[in-house]
Amino acid sequence: MNSGSQSVDETHSRPAGVDDTTVEALGELSKALETIHRVRGHLYSAHQLVGGADLTLDRVVKLLREAGHGETADRVEHELLGRNLLPGRWTFQIVEEFDDGYYAAFQDIERDAREKLVGGRRHIFEAEMKERRRTHGMPGHEATP
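Just so it is clear, the model here is predicted, and its values are computed rather than measured.

A. Molecular detail of the nonpolar core. Counting 6 residues, the largest nonpolar core is built from V18, V23, L26, A113, V118 and I124. When residues of this core are traced back to their parent elements, those giving at least two are α1 (20–66) and α3 (91–118). In this structure, I124 is in contact with H12, S13, R14, P15, V23 and V118, ignoring residues within four places of it in sequence.

B. Examining unusual backbone geometry more closely. The phi dihedral of H123 falls on the positive side, at around 55 degrees, and the residue is not glycine. Following the sequence through the fold, H123 ends up in the loop between α3 and α4 (124–133). On the basis of relative accessible area, H123 is assigned to the partly exposed category, the value being 34%.

C. Spatial organisation of the pattern of salt bridges. Taken as a whole and judged by the stated rule, the model has 12 salt bridges. With a closest N to O distance of 2.8 Å, D74 and R65 form a salt bridge. Put simply, K116 and D112 hold a salt bridge, and the shortest N to O gap is 3.1 Å. In this pair, K116 and D112 both sit in helix α3, 4 residues apart, roughly one turn of the helix. On the basis of relative accessible area, K116 is assigned to the exposed category, the value being 64%. Beyond isolated ion pairs, a larger network of salt bridges with shared partners links R14, D20 and E128.

D. Spatial organisation of the packing of aromatic side chains. Using the criterion set out here, one finds 4 aromatic pairs in the structure. Seen in terms of ring centroids, W90 and F92 are 6.5 Å apart; in terms of plane orientation they differ by 85 degrees. Their pairing is edge-to-face. Accessibility expressed as a relative area gives 37% for F92, which makes it partly exposed. Between Y102 and F106 the ring centres are 5.8 Å apart and the planes differ by 65 degrees, which places this aromatic pair in the edge-to-face class. Pair noted here: Y102 and F106 are both in helix α3, with a separation of 4 residues, about one helical turn. Assessed through its relative accessible area of 47%, Y102 is described here as partly exposed. Of the aromatic side chains, those joined through ring pairs into one cluster are F98, Y102, Y103 and F106.

E. Broad picture of the side chain of S7. Here S7 is to be found in the segment before α1. Among the residues examined, S7 registers a relative accessible area of 15% and is labelled buried. There is a polar contact of 2.9 Å between the side chain of S7 and the backbone oxygen of H12. Not counting the four nearest positions on each side in its chain, S7 is found in contact with H12, S13, A127, E128 and E131.

Procedures and definitions
Along each chain, the written sequence defines residue order, and numbers are assigned to residues from 1. Where totals are concerned, whole chains, interfaces and linings use all residues; where local detail is concerned, this predicted model gives features only for residues with pLDDT of at least 70, and gives and counts side-chain atom pairs only at 80 or more. Note that water and hydrogens are dropped before the side-chain values are worked out from all heavy atoms of the structure. To qualify as a nonpolar core, a set must consist of buried Ala, Val, Leu, Ile, Met, Phe, Trp, Tyr and Cys residues joined through side-chain atoms within 4.5 Å. The buried label goes to any residue with under 20% of its type's maximum accessible area, the exposed label to any with over 50%, and the partly exposed label to all in between, with areas taken from a 1.4 Å probe on protein chains only. Helix numbers and strand numbers start at the N terminus; a helix is a DSSP run of H or I with at least 4 residues, a strand a run of E with at least 2. Contact between two residues is taken to exist if any of their heavy atoms lie within 4.5 Å; hydrogens are not considered. Any Lys or Arg side-chain nitrogen found within 4 Å of a carboxyl oxygen on Asp or Glu counts as a salt bridge. The pairing test for Phe, Tyr and Trp rings, Trp by its six-membered ring, is centres within 6.5 Å, and the orientation test on the planes gives stacked under 30 degrees, edge-to-face over 60, and tilted for anything in between. In protein, a polar contact means a hydrogen-donor-capable atom and an acceptor-capable atom, both N or O and within 3.5 Å, with residues adjacent in sequence counting only if both atoms are side-chain atoms; elsewhere, any N or O pair within 3.5 Å suffices.

This is the structure:
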């Protein structure tokens, strides 16, 4: 990459005077944020999976009782059904704390860095990489739609 790097379009071009290291740093920050977006998705998946498993326990308790296993049914019902995943927290509380804390801070810092350093432009690093890697004039390698 060099400071004269071309981009696929004006929206993703680097502002004048922005150096390669800044573009690379913002690209890495964006990549890290994308990873945190994936973490958030996994947390929501865990939230739904744990909730579904907990609701399934109602049927487990019923079936155990029908089969004459009252002691085991009682244990499932009293020790597991509705249990906190972490001390004092069901998964919805964990998701809310993540969203309002770490996730919100990460998004804010990434957006603030882009605003201050490149006028808010996104994916400059990737747009320059696309321009370097595409074969000009080849179908399927167009710069933009």
